[in-house]
Amino acid sequence: MRLLDLIEKKKNGQELTQEEIKFIIEGYTNGVIPDYQMSAFLMAVFFQSMSITEISYLTDAMIQSGEVYDLSAINGFKVDKHSSGGVGDKVSLIYAPLVASFGLKVAKMSGRGLGQTGGTIDKLESFPGFKVEIPFAEFVRIVNKTNISIIAQSSNIVPADKKIYALRDVTATVNSIPLIAASIMCKKIATGSDGIVLDVKCGNGAFMKSISEAKQLAEIMVGIGKHFDKKIAAEITNMNQPLGRAIGNAIEIYEVVKTLQGEGPDDLNYIVCESAALSLCQAKLFPDFDSAFKACQDKLHNSPEPLTYFKNFIQEQGGDLSLISDLSSLDQILKVKNKVEIKAKETGFVEIIDTNALGLLSVRLGAGRNTKEEAIDHHAGIYLNKKTGEFVNEGEVVMTLYTNRYITEPVYEWAESTFKITDKKPKDYELVYEVIQ
Ligand code: URA
């Protein structure tokens, strides 16, 4: 078999066999296939797409490229939740302690920030000392003790994804439905949970811009999950503005803790409870979605348990909780050199129009990376004092930027370009478009 022939075949829109896909994934993971040929293959997939059968062969080949976790030493129903990537998306960090407080086990591998989107691992590293790379036995011990452990992608699990993802990132082939579906699902299957909830983000801050694209991606991933005998649900949720008000790392941890104390913003509360309720139903702890959803809301608002589970897990993984010992003000937590308020130039209703640019602005402030090697500033970020549909008076603060970097005039223009102020209240913001089970 020659990769050149397989590139040609895909370029002409023909379907590849299981053997051919295995040959490509094995060859690239082992370093036999060079980057330039793999790049050409990925671009051919980008333009010609793949059939459902090819995507399941691709997922399978990626799973086989490394170890598969055996979570049988963890007692109870194991759940995982994954977002396709959003701005201000801190749902996993609230979802995990919430479902843990109902007795579910969260054994989760998470990613770092990518492009405009933040990453759970970067947010967790806001806690000094928090360990994201731990041996498998320790991972199992922590889940059994605290019901939660969240770790970074290890090089033993789906190494093919790690390598292909890095190549996609620099060859403009991230935005491909078959490649995203296989990349997400190989990790979910290889880490061995019983139930999976996928949050497919859709809108101007997400990789999927339209509902139809997001639905296609969600249906493919649910199909793959079922093929591997997993309980799986995918929610398609709105990413036309950030989730909650905080964008960054420590600033998002602040909002996570507030939400765990029952003082979170409505949109964040809603998506957290929706995701958690789907997992609780998969574990058959509730007879129907509505009762599970209500129980989640009650817990978040009336019980100290979710916050206790969160703190226990952070401490067990080595994190220093002093970051959240005083939540009286954001200034107290972030302690940055520069705090800049972006004020409304007129009176009216705020409408966020470019969530992608807001995510990239947080990167510019230091909260994310431009290259894989770049260090991030966990204390940089953005707080949205106003969001879509909220009224603002001229001179009032719309958003606050926190950074240790110099702020130049273009940064003000950048921040101002992400929203507009209108006379008419924007239409109600639909949070969840659809749930596919
Ligand atoms: N998240 C992933 O894990 N992979 C993708 O391709 C996109 C988002």
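Owing to the predicted nature of the structure, the values given are computational and were not obtained by experimental measurement.

1. Remarks on the domain arrangement of the protein chain
(1) Moving on: What the domain assignment reports for the protein chain is domain 1 (3–48), domain 2 (78–324) and domain 3 (333–422).
(2) Moving on: The C-alpha-based centres of domain 1 and domain 2 are spaced at 31 Å.
(3) Moving on: When domain 1 packs against domain 2, the two sides together hide about 1,100 Å² of surface, and 79% of this comes from carbon and sulfur.
(4) Moving on: A per-residue breakdown of the area domain 1 buries against domain 2 is headed by Tyr 28, Leu 42 and Phe 46, which together make up 49% of the total.
(5) Moving on: Taken together, the links from domain 1 to domain 2 amount to 0 salt bridges.
(6) Moving on: On the surface where domain 1 and domain 2 come into contact, there are 1 residue pair in polar contact (both at pLDDT 80 or more).
(7) Moving on: Elements with a contribution of two residues or more to the side of domain 1 that touches domain 2: helix H2 (18–29) and helix H3 (35–48).

2. Quick word on the sheet that holds strand E4 (residues 195–202)
(1) Moving on: What the 6 strands build is an open sheet, ordered E3-E2-E1-E4-E5-E13; its pairing is mixed. The two strands at the open ends of the sheet, each matched to only one other strand, are strand E3 (148–152) and strand E13 (432–436). With strand direction ignored, the average angle separating the axes of adjacent strands in the sheet is 20°.
(2) Moving on: Pairing analysis gives 4 bridges linking strand E5 (residues 231–238) to E13, with the strands arranged antiparallel. Considered in E13, the bridge of Ala 234 is made with Ile 436.
(3) Moving on: Against the sheet, helix H7 (residues 136–146) touches strand E2 (105–110) and E3, its axis set at about 150° to E3.

3. Structural notes on the pattern of salt bridges
Pairs can form between side chains of opposite charge whenever their charged atoms are close.
(1) Moving on: Counted by the stated rule, this structure contains 29 salt bridges.
(2) Moving on: Here Asp 80 makes a salt bridge to Lys 108, at a shortest N to O gap of 3.5 Å. In this pair, Asp 80 sits in strand E1 (residues 78–83) while Lys 108 sits in strand E2, placing the two residues 28 residues apart along the sequence. Of the two residues, Asp 80 and Lys 108, both sit in the buried class.
(3) Moving on: Of the charged contacts, one joins Glu 138 and Arg 141 as a salt bridge, the two residues approaching to 3.0 Å between their closest N and O atoms.

4. A closer look at the sheet that holds strand E7 (residues 338–343)
In a beta sheet, neighbouring strands are held together by backbone hydrogen bonds and run either parallel or antiparallel to one another.
(1) Moving on: In spatial order, the strands read E6-E9-E11-E7; together these 4 strands make up an open sheet with antiparallel pairing. The open sheet has two edge strands, strand E6 (246–248) and E7, and neither has a second partner. Averaged over all adjacent pairs, the angle separating strand axes in this sheet is 15°, with direction ignored.
(2) Moving on: Judged from the 4 bridges that link them, strand E9 (residues 381–384) and strand E11 (residues 397–403) form a sheet pairing that is antiparallel. Residue pairing across strands places Ile 382 opposite Leu 401, the latter belonging to E11.
(3) Moving on: Its contacts with the sheet place helix H16 (residues 355–365) against E6, E9 and E11, and it is angled at close to 135° to E9.

5. Thoughts on the nonpolar core
(1) Moving on: In this structure, Phe 127, Phe 310, Ile 382, Met 399 and Leu 401 are the most contacted members of the largest nonpolar core, which totals 82 residues.
(2) Moving on: Among the elements that make up this core, the one with the highest residue count is helix H5 (residues 91–100) (8 residues).
(3) Moving on: Lining this core are residues from two domains, each supplying at least three of them: domain 2 (78–324) and domain 3 (333–422).
(4) Moving on: Once residues lying within four places of it in the same chain are set aside, the contact partners of Phe 310 are Leu 93, Pro 97, Phe 127, Val 256, Val 257 and Leu 260.
(5) Moving on: Counting 65 residues, the second-largest nonpolar core is a separate cluster that includes Phe 41, Ala 107, Ile 157 and Cys 186.

6. Considering the site of the ligand
(1) Moving on: Every residue close to the ligand is listed here: His 82, Ser 84, Tyr 165, Arg 168, Ile 180, Ser 183, Ile 184 and Lys 187.
(2) Moving on: Note that an oxygen atom of the ligand is positioned 3.0 Å from one of the side-chain N or O atoms of Arg 168.
(3) Moving on: Out of a free accessible area of 230 Å², the ligand has 91% covered by protein chains.
(4) Moving on: Those elements giving two or more residues to the shell around the ligand turn out to be helix H8 (159–169) and helix H9 (177–190).
(5) Moving on: Among the elements that make up the shell around the ligand, the one with the highest residue count is H9 (4 residues).
(6) Moving on: Residues that form the shell around the ligand fall into these classes: 3 nonpolar, 3 polar and 2 charged.

7. Description of the state of the cysteines
Here, disulfide denotes a covalent bond that connects the sulfur atoms of two cysteines.
(1) Moving on: Applying the stated criterion across every chain, the model contains 0 disulfides.
(2) Moving on: Unpaired in terms of disulfides, Cys 281 finds its nearest cysteine sulfur in Cys 296, a separation of 8.6 Å.
(3) Moving on: Overall, Cys 281 belongs to the partly exposed group, its relative accessible area being 24%.
(4) Moving on: The thiol of Cys 296 is not disulfide-bonded; the next cysteine sulfur, from Cys 273, is found 5.2 Å away.

8. A few points about the packing of aromatic side chains
(1) Moving on: Summed over the entire model, instances satisfying the criterion amount to 11 aromatic pairs.
(2) Moving on: When the centroid spacing of 5.9 Å and the interplanar angle of 45° are considered together, the rings of Tyr 69 and Phe 139 count as tilted. Within this pair, whereas Tyr 69 is found in the loop between helix H4 (52–64) and E1, its partner Phe 139 is found in helix H7, the two being separated by 70 residues in sequence.
(3) Moving on: Every member of this aromatic cluster is reached through a ring pair, and the members are Phe 127, Phe 130, Phe 310 and Phe 313.
(4) Moving on: Seen from the ring of Tyr 28, Lys 163 lies directly overhead, with NZ or CZ sitting 4.5 Å from the centre.
(5) Moving on: Here Lys 299 stacks its cationic end above the ring of Phe 102, 4.1 Å away from the centre of that ring.

Definitions and limits used
- Residues numbered from 1 in each chain as written.
- Predicted model: local features only at pLDDT ≥ 70, side-chain atom pairs only at ≥ 80, totals over all residues.
- Heavy atoms only, no water.
- Domains from an automatic or database assignment.
- Buried area = accessible area lost by both parts, 1.4 Å probe.
- Salt bridge = Lys/Arg side-chain N within 4 Å of Asp/Glu carboxyl O.
- Polar contact = N/O pair within 3.5 Å; in protein donor to acceptor, adjacent residues only side chain to side chain.
- Helix = DSSP H or I, 4+ residues; strand = E, 2+ residues; numbered from the N terminus.
- Pairing = 2+ DSSP bridges.
- Axes fitted to C-alpha atoms, helices over the stretch in contact; angles between N-to-C directions.
- Contact = heavy atoms within 4.5 Å.
- Buried < 20%, exposed > 50% of the residue type's maximum accessible area, 1.4 Å probe, protein only.
- Core = buried A, V, L, I, M, F, W, Y, C linked by side-chain atoms within 4.5 Å.
- Near = heavy atom within 4 Å.
- Areas by Shrake-Rupley, 256 points an atom, 1.4 Å probe, with all protein chains shown as cover.
- Nonpolar A, V, L, I, M, F, W, Y, C, P; charged D, E, K, R; others polar.
- Disulfide = S-S within 2.5 Å.
- Phe/Tyr/Trp six-rings, centres within 6.5 Å; stacked < 30°, edge-to-face > 60°.
- Lys NZ or Arg CZ within 6 Å of the ring centre and 35° of its normal.

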